[in-house]
Each structure stands twice: as C-alpha cells, then as structure tokens.
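Report on the structure
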Amino acid sequence: YRASSTMANDCGLVLPVRLISFTAKNSSDKTSLTWEIDNLPDLKKFEVEHSINHINWNIIKTMYTNGSIKYQYIHQNVSAGYNLYRLKIYNANGTFYYSKIEKVIIGASKKFSVFPNPAKSNLFVTGDFKPFSLIHINDVSGKTLLIQKVTDHKAVQRVSINEIPTGIYLIKVEDQVQKIIIY
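The following paragraphs examine the structure supplied in this document. Computed from a predicted model, the values in this text were never measured in an experiment. (Residues numbered from 1 in each chain as written. Predicted model: local features only at pLDDT ≥ 70, side-chain atom pairs only at ≥ 80, totals over all residues. Heavy atoms only, no water.)

**A short note on the overall build of the protein**
Looking only at helices and strands, one finds zero helices and 15 strands in the protein. Counting every position in the protein, which comprises 183 residues, the buried fraction comes to 37%. (Helix = DSSP H or I, 4+ residues; strand = E, 2+ residues; numbered from the N terminus. Buried < 20%, exposed > 50% of the residue type's maximum accessible area, 1.4 Å probe, protein only.)

**Brief notes about the nonpolar core**
Counting residues in each nonpolar core, the largest one holds 20 residues, and the members touching the most others are Leu123, Val125, Ile137 and Ile171. Here this core gets three residues from one element, more than from any other, and that element is strand β14 (residues 167-173). Apart from residues no more than four positions distant in its own chain, Ile171 is found in contact with Phe112, Val114, Leu123, Val125, Ile135, His136, Ile137, Gln176, Val177, Gln178 and Ile180. Grouped together as the second largest cluster of nonpolar side chains are 18 residues, Leu33, Tyr71, Val104 and Ile106 included. (Core = buried A, V, L, I, M, F, W, Y, C linked by side-chain atoms within 4.5 Å. Contact = heavy atoms within 4.5 Å.)

**What about the environment of Val48?**
Checked against the element boundaries, Val48 lands in strand β3 (residues 43-51). Along the backbone, Val48 and Asn58 are ten residues apart, and their C-alpha atoms lie at a distance of 8.3 Å. Sequence-distant contacts of Val48, defined by excluding residues within four places in its chain, comprise Leu33, Trp35, Asn58, Ile59, Ile60, Lys61, Tyr73, Arg86 and Leu87.

**With respect to the packing of aromatic side chains**
For any pair of aromatic rings, the description consists of the separation of the ring centres together with the inter-plane angle of the planes. All chains considered together, the criterion is met by seven aromatic pairs. The interplanar angle of 70° and the centroid separation of 6.3 Å between the aromatic rings of Phe22 and Trp35 together place this pair among those described as edge-to-face. Of the two residues, Phe22 sits in strand β1 (residues 18-27) while Trp35 sits in strand β2 (residues 30-38), which places them 13 residues apart along the sequence. Given the relative accessible area of 2%, Trp35 is considered buried. Put simply, the rings of Phe22, Trp35, Phe46 and Tyr71 touch in pairs and so form one group of aromatic residues. (Phe/Tyr/Trp six-rings, centres within 6.5 Å; stacked < 30°, edge-to-face > 60°.)

**Details of the side chain of Glu47**
Position of Glu47 among the secondary structure elements: in strand β3. Separated by 3.3 Å, the side chains of Glu47 and Tyr90 make a polar contact. Beyond its immediate stretch of four places on either side in the chain, Glu47 contacts Ile59, Lys61, Thr62, Arg86, Leu87, Lys88 and Tyr90. (Polar contact = N/O pair within 3.5 Å; in protein donor to acceptor, adjacent residues only side chain to side chain.)

**A short note on the pattern of salt bridges**
Overall, the coordinates contain three salt bridges when judged by the stated rule. With its nearest N and O atoms 3.7 Å apart, the salt bridge here joins Lys45 to Glu47. A single burial state applies to Lys45 and to Glu47, both of which are buried. Among the salt bridges present, the one from Lys100 reaches Glu102, with a minimum N-O distance of 3.0 Å. Here Glu102 falls in the buried class, since its relative accessible area comes to 14%. (Salt bridge = Lys/Arg side-chain N within 4 Å of Asp/Glu carboxyl O.)

**Some remarks on the sheet that holds strand β10 (residues 122-127)**
The antiparallel open sheet is built from three strands, whose spatial order is β9-β10-β13. Edge strands, defined here as strands with exactly one partner in the open sheet, are β9 (112-115) and β13 (157-160). For this sheet, the mean angle separating the axes of adjacent strands, direction not counted, is 25°. Note that β9 and β10 share four bridges and pair antiparallel. Within the sheet, the bridge partner assigned to Val114 lies in β10 and is Val125. (Pairing = 2+ DSSP bridges. Axes fitted to C-alpha atoms, helices over the stretch in contact; angles between N-to-C directions.)

In structure tokens form, the structure reads like this:
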C-alpha cells in the first residue's frame with residue numbers, strides 16, 4: 001500500500017480483478033454460465049473454456065469487458081454426459097488466472113465416467129459423487145482388488161492401478177458399475 005502526499009490521499013496501488021462467483025447450470029442441451037467480478041478497471045477479457053475429460057480444454061467464447069460486473073454466456077448444443085467449464089481471466093497487464101471448474105451433466109445416463117479406458121497406471125474418475133463415496137475395483141468374479149475413498153466429491157479422482165494385473169475389471173461407485181480394461 002502506498003499513500004500519496006496529497007490531501008486526497010489517493011492510493012497508487014491497483015488491485016487485481018477478483019472473481020466473486022462463477023456458476024454453470026444445464027437446461028436441455030445447453031449450459032448457462034454466469035459470473036460476477038469485482039475491480040473492473042484492471043480487467044481485459046475472459047475466455048470461456050470447455051472440456052469433457054478434464055485434460056483437453058477448448059476456448060468456446062472470448063468476451064471483452066463491457067463495463068459490467070455481471071456476465072453470462074449460453075453454450076448451445078452441449079454433448080450428453082459430463083461438461084466441464086472454467087474461465088481464463090486476463091488482467092490489463094497480461095497476467096491471467098483460472099476460475100474454479102464447474103461441472104454440468106447433460107442427459108445423466110451415467111453417474112460417473114472413467115478415463116482413459118483402457119488404462120495402464122492411473123485411472124481418472126469424474127462424476128456426481130456423494131460425499132464419502134467409495135470407488136471399488138473388482139475382478140469379473142466379484143473379488144475386490146482396490147477400494148479408494150472419494151477425497152473431494154466435486155473433483156476428478158486419481159486412482160493408481162499399478163498393482164492390478166492386466167485384464168478386464170469392473171469399477172463401481174455407489175450403485176453404478178462400468179467395465180474397465182487395464183493393460
């Protein structure tokens with residue numbers, strides 16, 4: 001903090017843009033994204049990014065500041081399944097940061113998804129988990145080979161499968177089961 005020596009006592013420090021909220025809500029085959037910011041003078045633009053696997057992110061919209069503190073974007077014709085969204089927020093000085101990731105499920109036929117499949121050393125499980133859920137990996141006879149607690153029910157879960165031999169297995173979260181292949 002730096003105070004001036006004038007009677008107005010103006011501050012020469014510019015604070016970074018602050019994201020107050022970011023939400024994503026689904027409606028049929030579209031997603032409504034809304035966000036609110038604070039400290040507008042330092043803002044340059046937003047890039048709305050989309051992913052279906054938490055690895056590959058695509059820019060679906062670039063929006064420049066318009067003097068507002070509230071923004072909205074509608075993502076049309078969204079694919080069924082898991083859709084992940086985040087904002088890349090650019091300050092006027094060229095620095096940027098990411099918002100939290102928002103998850104929307106369209107046509108929720110599955111409660112979770114697994115990638116990659118087939119997998120070699122790690123699986124990543126994403127879904128609509130209840131807090132304290134368990135991830136079970138069983139062989140085809142039903143024998144449990146691994147149980148892992150969901151650490152954050154809103155985040156992608158990393159499951160190490162290094163100790164499981166090559167083969168076909170079943171992964172179960174809550175009451176949903178999917179087939180996985182380990183090579």
